Amino acid sequence: QEKVQQSPESLIVPEGAMVSLNCSFSDSASQSIWWYQQHPGKGPKALISIFSNGNKKEGRLTVYLNRASLHVSLHIKDSQPSDSAVYLCAVSDNVGDNSKLIWGLGTSLVVNP
Amino acid sequence: GGIITQTPKFLIGQEGQKLTLKCQQNFNHDTMYWYRQDSGKGLRLIYYSITENDLQKGDLSEGYDASREKKSSFSLTVTSAQKNEMAVFLCASSIWGTSAETLYFGSGTRLTVL
């Protein structure tokens with residue numbers, strides 16, 4: 001079964017820093033990769049997804065997918081205190097079935113003002 | 001936009017008790033999910049439903065029942081609460097249930113078993 005590992009476990013940065021979060025997965029056939037953000041006491045909220053090798057940019061977020069190295073990274077530019085949250089990576093090897101999503105344990109990010 | 005409402009927000013029960021968690025969505029989505037979130041473990045799927053009156057087991061269904069009597073609501077029953085079951089239970093929905101779609105989550109029900 002697909003395995004998803006995230007690093008680092010936690011990260012503390014000053015406001016305005018570039019943040020880089022990593023996610024490695026075990027199956028090169030993985031079809032869809034998602035990043036979710038979860039604030040304390042709230043449910044996860046979808047941030048960005050990627051399906052093809054390469055990169056995708058949305059606002060301050062950029063995601064890079066390298067299927068050959070089984071690695072995806074999320075970069076947050078000009079980080080803000082409101083970005084402080086847990087970031088979850090989710091990977092599916094089956095585009096047709098959301099029930100097959102495998103979730104990482106998350107990276108806890110703190111952005112200090 | 002829509003919203004997913006989970007009730008109650010906090011649930012305290014006794015060991016062996018039967019407990020029910022409720023979830024309502026107004027997105028008009030077909031598919032709904034129940035996940036369990038434990039410290040140190042990724043989200044794990046308990047049950048999901050692709051339409052009214054449909055139920056599909058996830059990886060963690062043992063010890064749980066689910067019910068989808070209306071498109072907008074999905075309930076989860078802990079059949080006999082155990083102390084190692086203390087966790088946050090998250091309800092989610094998506095339009096059809098493909099992994100190309102966004103999952104929309106509620107804020108969760110935190111279960112404590114005494």
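Nothing here was measured: the structure is a model prediction, and the numbers come from that model.

A. Molecular detail of the state of the cysteines. With the rule as written, the count across this model stands at two disulfides over all chains. Between Cys23(A) and Cys89(A) runs a disulfide, and the two sulfur atoms are separated by 2.0 Å. The chirality of the disulfide connecting Cys23(A) with Cys89(A) is left-handed, given an S-S dihedral of about -75 degrees. With Cys23(A) in strand 3 (residues 19–25) and Cys89(A) in strand 9 (residues 85–92), the pair connects residues that are 66 residues apart, well separated along the chain. With a relative accessible area of 0%, Cys89(A) lands in the buried category. The disulfide bridge from Cys23(B) ends at Cys91(B), spanning 1.9 Å between sulfur atoms. Taking the sign of the S-S torsion, about -75 degrees here, the bridge from Cys23(B) to Cys91(B) comes out left-handed.

B. Molecular detail of the pairing of strand 11 (residues 107–112) of chain A. Residues and elements named next belong to chain A. Burial along strand 11 is one-sided: Thr107, Leu109 and Val111 are buried, and none of Ser108, Val110 and Asn112, which face the opposite way, are. Pairing of strand 2 (residues 10–14) with strand 11, which is carried by five bridges, proceeds in the parallel orientation. Residue pairing in the sheet places Ser10 in a bridge with Ser108 of strand 11. In this structure, strand 9 lies alongside strand 11, joined through three bridges in antiparallel fashion. Considered in strand 11, the bridge of Tyr87 is made with Thr107.

C. Fine view of the side chain of Arg36(B). Residues and elements named next belong to chain B. Topologically, Arg36 is positioned in strand 4 (residues 31–37). Taking relative accessible area as the criterion, Arg36 reaches 9% and is therefore assigned buried. Within the local environment of Arg36, its side chain forms a polar contact with the side chain of Asp38, the two groups lying 2.8 Å apart. Ignoring any residue separated from it by four or fewer positions in sequence, one finds Arg36 in contact with Gly42, Leu43, Arg44, Ile46, Leu60, Tyr64, Asn84, Glu85, Ala87, Val88 and Phe89.

D. Inspection of the side chain of Ser94(B) at higher detail. Summarising the element assignment, Ser94(B) is placed in strand 9 (residues 87–94). At 3.3 Å, the side chain of Ser94(B) forms a polar contact with the backbone nitrogen of Gly97(B). Those residues in contact with Ser94(B) that sit more than four places away from it in its chain are Asn98(A), His29(B), Asp30(B), Thr31(B), Tyr33(B), Glu101(B), Thr102(B) and Leu103(B).

E. Here's a closer look at the pattern of salt bridges. Residues and elements named next belong to chain B. On inspection of all chains with the given rule, the structure shows five salt bridges over all chains. Between Asp30 and Lys71 there is a salt bridge, with its nearest N and O atoms 3.2 Å apart. With Asp30 in the loop between strand 3 (19–25) and strand 4 and Lys71 in the loop between strand 7 (64–70) and strand 8 (73–78), the pair connects residues that are 41 residues apart, well separated along the chain. Residue Lys71 is classed as partly exposed on the basis of its relative accessible area, which comes to 29%.

F. Seen up close, the interface of chain A and chain B. With 23 residues of chain A at the contact, the number on the chain B side is 23 residues. Taken over both partners, the interface formed by chain A and chain B buries close to 1,700 Å², and the fraction arising from carbon and sulfur atoms is 52%. The largest per-residue losses of area from chain A upon contact with chain B belong to Asn98(A), Ser99(A) and Trp103(A), which jointly make up 34% of the total buried on that side. Inspection of the chain A/chain B interface yields zero salt bridges. Our count for the chain A to chain B interface comes out at three residue pairs in polar contact (both at pLDDT 80 or more). Taken together, the elements giving at least two residues each to the side of chain A that touches chain B come down to strand 4 (32–38) and strand 9 of chain A. Ranked by the residues each element gives to the side of chain A that touches chain B, the list is headed by strand 4 of chain A, at four residues. Partitioning the side of chain A that touches chain B into residue classes produces ten nonpolar, eleven polar and two charged.

G. Structural context of the environment of Gln31(A). Residues and elements named next belong to chain A. You can see Gln31 is positioned in the loop between strand 3 and strand 4. Judged by relative accessible area, Gln31 falls into the partly exposed class, the value being 33%. Along the primary structure Gln31 and Ile50 are separated by 19 residues, whereas in three dimensions their C-alpha atoms are 8.7 Å apart.

Procedures and definitions
- Residues numbered from 1 in each chain as written.
- Chains lettered and ligands numbered in written order.
- Predicted model: local features only at pLDDT ≥ 70, side-chain atom pairs only at ≥ 80, totals over all residues.
- Heavy atoms only, no water.
- Disulfide = S-S within 2.5 Å.
- Helix = DSSP H or I, 4+ residues; strand = E, 2+ residues; numbered from the N terminus.
- Buried < 20%, exposed > 50% of the residue type's maximum accessible area, 1.4 Å probe, protein only.
- Pairing = 2+ DSSP bridges.
- Polar contact = N/O pair within 3.5 Å; in protein donor to acceptor, adjacent residues only side chain to side chain.
- Contact = heavy atoms within 4.5 Å.
- Salt bridge = Lys/Arg side-chain N within 4 Å of Asp/Glu carboxyl O.
- Buried area = accessible area lost by both parts, 1.4 Å probe.
- Nonpolar A, V, L, I, M, F, W, Y, C, P; charged D, E, K, R; others polar.

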